[in-house]
Amino acid sequence: MSKLMTKVLLVSLGVCWAIHTSGQSTDDPSLTAYLHHYQEQTGMRFSYDPELLEQMEMPMTSDSMDIADFVAFVEGQYPLRVSQVDELYYTIALAERLYSISLTDSIDGKMISPSQSVALVNGQPVASTASDSTLIISYKPTPTDQLEIYALGYNRRPVSFDQLINSRSIALSLQSQIIELRGVTIEDYLTKGINMNPSSQSISIKVSDLPLLPGETDGDIFASLAALPGITTPDNRPGNLFIRGSSTDQSLILFNDIPIYHRGHYYGTISPYNPKMVDDVKVYRNGFHPKMGGRVGGALEINSSDEPQQTLSAGIGSNTLYGMGYAKLPSKNKKIGFSIGARRSYPYSFSSPKLRSMSEMVFAASALLDSVGNLQEDIKVIFEDYVGKMTCQVNKNNLITLTSVYSRSDVAYQVSLKNSDESNRIDNLGLNLKWKSVIGPRLVSRLSATSSNYQFAFRNQITPPQSGTPKLPETYSTNELTDFRIREEFSLDLARGNRLQFGLDYKYQNAYFDYQDINTRDTLVQTRSSDEYAHTTSPFVNFEWNSSKKLYVQIGARANYYSRLNDLKVAPRIFMNYFANRQLTLKGSTGWYYQYLSQVKVLEFSGGGFDNELWLLADHEDARIIHGMQSMTGAILNLKSWIIDMEGYYKTADNISYYSAGRFSSRGQFYFASHQMYGVDLLIKKQLNSRTSVWAGYSWAESKIRVDTASDTRYESQFSQPHVFYVGGALQQQGWKFSLGWNYASGQYARSFRVSEAETSYYRFVNRLPPDAPRPIDSYTDLEDRYPAVHTLNLSTSYQLPRTAERKWSATFGLSLINVYNQQNLTDKAVRAGRPTAFLVDRYAIGFAPNLMVTVEW
């Protein structure tokens, strides 16, 4: 952990401890405390729920009340009924009471007529009457019910349990629905729990509502995203997400505002997030809000709940890859919530069928294959992740959260062909402190401070083949990223439903790497190192125009001053939606984006043949500032049980850093290329009934690379898959869930730049050979332009044993099958160094992979 992160952690914990201490104190004692005192004074005895009465504030009153006055006081002050059992013994329980609710407009503060209002309990209207100024309902509050107030032309407003048990008169401020046209949501966009917001042009995934998705029972975040149109995983690893052609490093991934730099556990095959600690995920495929920057592709915002936990909940679970657990608990006054989650893989000795299938995919064409292509058995894999969060509702206007996240992936193995021991490890540690403050009826402040550290380390120690042979120096590569960022954002609600957002985003970043490799033929040691830092200051502004019932426009800009190159750039962005009618929405967007930290393409920074690429800050020599542009136009049709969504897009990304060889060498050099991506995404979804949905999707895409050379060379992108088609369905029946999906995709482009370079080197060497000299392996003559198409069938099923009044826990059992018919899908051919020239080795996607899951929660 860096010194900076340690300081931030200590300061944050000090702030939160002060908040916790102040939050626990109150001017008035709780009813529980007063009852305890009253019993000692009078000799009376009461039976009650101490957790319930602890939430009720007891105003200072006389200790001299007799029992009749005390009963009248309690029943008049709270929704409680006091019943006498005998002369000295009483019971206290929740009871029905009358509530008087006054409503005002959140913008102008004017009273809302109660005659146009209704009270809803769990979504169903309840009886109410209206006076001149208040809505009156008779209601017995319970912690599990959700009471909401709805007024014509306004959004629903929930009434908290804390409000209901402490006050008869409740004042609520409602937001006009015209303000929320920006948040009109198309629910169950793909299936239950996946919703589309046309205005922000984002897709929201409510993790707790997700049904099963094909091939997935554990709620893996990245695996869920791959089901969305326009998001692909060309090599079948969930963490290697390509959002409309943008490579993984070009998409921004935030976990509670903490940047995540690695692709997932075990080389991107498992998401590094405990799904039980995630509340929702927002996916941006067409650009994103000006408050976010630093990437030219898409964005993922992964968030846990900011609401303080009201009840204790916990769970433990296990599948064939890892074990997990979580706990969420409130403080006594319900104003502070704590949550913690953990996952960890099993000991080395345990290897499940799914883990073996994943290993065969991960290590294909790597140094872990023996001379006949068999995978070694002595691979040691450890991965783990931990999340902790504290949420403090200081008062109704101030909310503070503190989040920490840590993930580690560690792989060790022996390469018999080289007689060497190798290992690589990835650590990602982050801390975030957020403070939301409601300054006034229209003005909200959001402050976010984040510190994070990412480390990648590879080590290789070669043992000399003969005794007395000098021991070769260690081969290693290390890449470390440290950043600290702070963002202040203000949101101001204006008249007629418009909104102005503005603020400042500051970021400090340090990128360090150290590299040493050895050419075993001539024992030439190749060393590289760099230690760069930069400050990026980014003011931003965004205006949401929402005055029209038909048209919504969001226009903004983000300026970026990058200290390393003394560079200032402005990135304007615009999003538009036209609500033609209740069923049809037309949409479009365009914007400019800049990226200052990126990965070097082609370069294998670690050994063993893995695709861990080097992160570098833009310095105009080895890495440049990437310029990106994105445009989209489309329409979404939302009928009674049908959703049809089509979007066409065009994207560019310039100044992407490449290296001319797979490893650092004296002959290698950096060069730069431009990417051009365009395509169409189509989704058709049919809701057959409340329990069953089916969907079909098709994506057509092209991705080109133009190399910045004198010959202006152009290539098809290796990861380009022109045609992707998928069909799927989900069924929920009582406690059972089923899901089935079939995917078909064009093969990747075979003659990529890396392969073309190796082919050129091969023929250059062959053409210099004498006519009768033996030729090395020819991997290129019979190589097609594209690899064969790939297709898989995936299914999942689960059953939940529900919680009951007698059984205070629930259990879920699940089975998932990936690649049911065990199709051998050739993803690509990897270029591997050989003597005298490089050759190609096949790499296949994951084969048949079963997985069992069980979770117990209470």
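Everything discussed here concerns the structure shown above.
Summary of the structure given here. Treat the numbers as computed from the prediction; the structure is a model and nothing was measured. (Residues numbered from 1 in each chain as written. Predicted model: local features only at pLDDT ≥ 70, side-chain atom pairs only at ≥ 80, totals over all residues. Heavy atoms only, no water.)

Look at helix α9 (residues 753-767): 21 Å from first C-alpha to last across 15 residues, which is about the 21 Å you get at 1.5 Å a residue. Those residues of α9 that fall on the buried side of the exposure criterion are Phe753, Val755, Ser756, Ala758, Glu759, Tyr762 and Val766. Check the buried side of α9 and you find it contacts β37 (670-689), β39 (714-716), β44 (826-832) and β45 (839-844). (Helix = DSSP H or I, 4+ residues; strand = E, 2+ residues; numbered from the N terminus. Expected span 1.5 Å × (residues − 1). Buried < 20%, exposed > 50% of the residue type's maximum accessible area, 1.4 Å probe, protein only. Contact = heavy atoms within 4.5 Å.)

Attention shifts here to the sheet that holds strand β12 (residues 194-197). Strand order in the open sheet formed by six strands is β12-β13-β18-β19-β16-β17, with mixed pairing between adjacent strands. One side of each edge strand has no neighbouring strand; the edge strands of this open sheet are β12 and β17 (258-259). (Pairing = 2+ DSSP bridges.)

Right, let's get into the sheet that holds strand β3 (residues 89-94). Judged by pairing direction, the sheet is mixed, and its three strands sit side by side in the order β1-β3-β2 without closing on themselves. Pairing within the sheet leaves two strands with one partner each, and these edge strands are β1 (45-47) and β2 (80-86). The mean angle between the axes of side-by-side strands here comes to 30°, regardless of whether they run parallel or antiparallel. Where β1 meets β3, three bridges bridge the pair, whose relative direction is parallel. Pairing of Phe46 across the sheet is with Tyr90, part of β3. Packed onto the sheet, helix α2 (residues 31-42) meets β1, β2 and β3 and runs at close to 150° relative to β1. Along the sheet, helix α4 (residues 67-77) makes contact with β1, β2 and β3, crossing β2 at roughly 150°. (Axes fitted to C-alpha atoms, helices over the stretch in contact; angles between N-to-C directions.)

A separate point is unusual backbone geometry. Phi is positive for Arg496, close to 60°, though the residue is something other than glycine. Owing to a relative accessible area of 61%, Arg496 belongs among the exposed residues under this scheme. One non-glycine residue, Asn819, lies in positive phi territory at about 55°. On the secondary structure map, Asn819 appears in the loop between β43 (810-818) and β44.

So, on to the side chain of Ser816. Mapping Ser816 onto the fold places it in strand β43. With relative accessibility at 1%, the residue Ser816 sits in the buried group. Contact partners of Ser816, with chain neighbours within four places excluded, come to Gly215, Glu216, Thr217, Leu795, Ser796, Ala849, Pro850 and Asn851.

In the structure shown here, the tally under the stated rule is 33 aromatic pairs. Both rings, one in Tyr34 and one in Tyr38, keep their centres 6.2 Å apart while their planes meet at 25°; by these two values the pair is stacked. In this pair, Tyr34 and Tyr38 are both assigned in helix α2, four residues apart and thus about one turn of the helix distant. The class for Tyr34 is buried, based on a relative accessible area of 7%. Among the residues examined, Tyr38 registers a relative accessible area of 2% and is labelled buried. Between the aromatic rings of Tyr322 and Phe383, the centroid separation amounts to 6.4 Å while the plane-to-plane angle is 75°, which identifies the pairing as edge-to-face. Pair noted here: Tyr322 is in strand β21 (residues 322-330) and Phe383 is in strand β23 (residues 380-395), with a separation of 61 residues, a long-range link. Grouping residues by exposure puts Tyr322 and Phe383 together as buried. An aromatic cluster of three or more residues is present, and its members are Phe456, Phe513, Tyr515, Phe605, Tyr659, Phe664 and Phe670. (Phe/Tyr/Trp six-rings, centres within 6.5 Å; stacked < 30°, edge-to-face > 60°.)

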